[in-house]
Amino acid sequence: MILNTMKKAFLFAALAFVGALNSLESNAQCTSDFDFGTETLGVSPNPELGEQFEPGVVGMPYEDVLHILLPQYVLDIDSTLPFSPTTPLDSVSLATITLVDLSDTLVTTTLDAVGLGVTCNNNGDSGNPCSFLGGNQYCAALTGIPTVQGSYRVDISVNGWVTVFGFPFSQEQVFGSFVIDLGEEGCTDATALNYNPAAVVDDGSCILDTCFGDVNGDNSVTVGDLLEILAEFGCTEGCTTDISGDGLTTVADLLELLSVFGSSCA
Ligand SMILES: [Ca+2]
Ligand SMILES: [Ca+2]
């Protein structure tokens, strides 16, 4: 009896586990819902518009989606190709994705090696989910948990297929202008005092060098600032030259100013 209950509990646990796996899979599935407007060919993010994959934080779940709109005709991709204007683009399939380490471009790695993977969704249009048909919009989800820090160029190699005089003909093309940064959460402002070069996602912790003593904003502490303080000397409310932080403009501010007099800030 007890054994039977245990068996049932085990079965239930196993089913729940399989269910969890399935739901994980469906979470990774993207939806081809990007608005390309009137374009016949497009990609998002689009490196030509300065767009890139979202940066990833090591140890934190990552997800970004690549949207692709394929044209109906081959010449819409490359008008110099020796095809007629009505030659249809049969399909484009993903061949390989290689990561090139931007700190040493001789070093390459794989998505898998940095903790990421690709899940294509071709809306069920063909057996290979990473095979996309011409004239349609598709997507591929980039998901995982980054395991290493680094800045990588994402070289996406695809095979484009056309049928010429009844023969399938393929051409490989590499898209190498995507970049993905993997690192930490921290201060990403290079001018901040606590700038973290490994930070790829800003967590709002940046402490900016506000150029102490510079009340007239010219990035140096000079007689100009001294005159500003003297002009507001004795101020007790809403003082713009209160550098000591006590709410007043007094001799304390003059002394603070003199302690950094002559300094300049970057
Ligand atoms: Ca100044
Ligand atoms: Ca003061």
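Along each chain, residues carry numbers from 1 onward, in the same order as the chain's sequence is written. Chain labels run from A onward and ligand labels from 1 onward, assigned in the order the entries are written. Side-chain atom pairs in this predicted model are given and counted only at pLDDT of 80 or more, local residue features only at pLDDT of at least 70, and totals for whole chains, interfaces and linings cover all residues.

Now for the overall build of the protein chain. Every helix listed is a DSSP run of H or I at least four residues long, and every strand listed is a run of E at least two residues long, numbered separately from the N terminus. Along the backbone of the protein chain there are three helices and 11 strands. Secondary structure elements of the protein chain occur, N-terminal to C-terminal, as α-β-β-β-β-β-β-β-β-β-β-β-α-α. Buried, partly exposed and exposed are defined by the number of other C-beta atoms within 10 Å of a residue's own C-beta, namely 20 or more, between the two limits, and 12 or fewer respectively, with C-beta atoms placed from the backbone. Here the protein chain, with 266 residues, has 22% of them falling under the buried criterion. The contact rule is simple: place each C-beta atom from the backbone, and if two of them lie within 7 Å, those residues are in contact. A fraction of 56% describes how many contacts in the protein chain between residues 6 or more apart in sequence connect residues 24 or more apart.

To continue, consider the environment of L227. Note that L227 resides in helix α2 (residues 223-231). A sequence separation of 11 residues divides L227 from N216, and the C-alpha atoms of the two residues are 9.8 Å apart.

At least two DSSP bridges between two strands are needed for those strands to be called paired. Where strand β4 (residues 91-101) and strand β7 (residues 131-133) come together, three bridges link them in antiparallel fashion. Note on β7: the bridge partner recorded for S91 is L133. Two strands pair when backbone bridges link them, and β4 and strand β9 (residues 150-164) are joined in this way by 10 bridges, in the antiparallel orientation. Counted as the bridge partner of V92 is G160 from β9. Two elements, β4 and strand β5 (residues 108-109), share two bridges in a ladder whose sense is antiparallel. Its bridge partner lying in β5, L99 is registered against T109.

What follows concerns the sheet that holds strand β1 (residues 42-44). If you walk across this open sheet you meet the four strands as β1-β3-β8-β6, and the pairing is antiparallel. With partners counted over all chains shown, the strands left at the sheet margins are β1 and β6 (116-121), one partner each. With strand direction ignored, the average angle separating the axes of adjacent strands in the sheet is 15°. By the bridge criterion, eight bridges tie strand β3 (residues 62-69) to strand β8 (residues 137-144) in an arrangement that is antiparallel. Its bridge partner lying in β8, D64 is registered against L142. To obtain an axis, a line is fitted to C-alpha atoms, over the contacting stretch when the element is a helix, and the angle between two such axes runs from 0 to 180 degrees between their N-to-C directions.

Relative to the helices and strands, V162 resides in strand β9. Measuring from C-alpha to C-alpha, the distance between V162 and F83 comes to 9.5 Å, with 79 residues separating the pair along the chain. With near-sequence residues (within four places) excluded, V162 lies in contact with V74, F83, T87, L89, D90 and F169.

A word on unusual backbone geometry. Most peptide bonds take the trans form, and the phi angle of most residues other than glycine is negative. In the segment running from S44 into P45, the intervening peptide bond is cis, with an omega of 0°. With respect to the helices, strands and loops of the structure, P45 is situated in the loop between β1 and β2 (56-57). Of note, N219 is a non-glycine position whose phi angle comes to about 65°, a positive value. Looking at the element boundaries, N219 is found in the loop between β11 (199-202) and α2.

Next up on the list: the nonpolar core. Grouped together as the largest cluster of nonpolar side chains are 33 residues, with contacts concentrated most on L66, I68, C139, V154 and I180. Contributing elements (two or more residues each) for this core: β3, β4, β8, β9, β10 (167-186) and β11. Residue contributions to this core peak at five residues, all from β9. When near neighbours in sequence (up to four residues on either side) are disregarded, C139 contacts C30, T31, S32, V65, L66, H67, I68 and N121. With five residues, the next largest nonpolar core counts V215, V221, I229 and I243 among its residues. By definition, a nonpolar core groups buried Ala, Val, Leu, Ile, Met, Phe, Trp, Tyr and Cys residues that are joined through C-beta atoms within 7 Å.

What follows covers the confidence of the model for the protein chain. One confidence number per residue, pLDDT, is output by the predictor and ranges from 0 to 100. Of the residues in the protein chain, 89% reach a pLDDT of 70 or more, and the chain-wide mean stands at 87. The secondary-structure element of the protein chain with the lowest mean pLDDT is helix α1 (residues 2-28), recorded at 47, while β2 shows the highest, at 98. Low confidence marks residues 9-26, where pLDDT is under 50. Its contacts with residues over four positions away, or in another chain, come to zero contacts.

Between α2 and helix α3 (residues 251-259), the shortest axis-to-axis distance is 10 Å and the interhelical angle comes to 175°. With respect to α3, the element α2 is oriented roughly antiparallel. Contacts between α2 and α3 involve D225, L226 and I229 from the first element and D253, L254 and L257 from the second. Charged means Asp, Glu, Lys or Arg here, nonpolar means Ala, Val, Leu, Ile, Met, Phe, Trp, Tyr, Cys or Pro, and polar covers whatever is left, Gly included. Residues belonging to the contact of α2 with α3 are distributed by class as follows: four nonpolar, no polar and two charged. Here roughly perpendicular refers to angles of 65 to 115 degrees, roughly parallel to angles under 35, roughly antiparallel to angles over 145, and oblique to all remaining angles.

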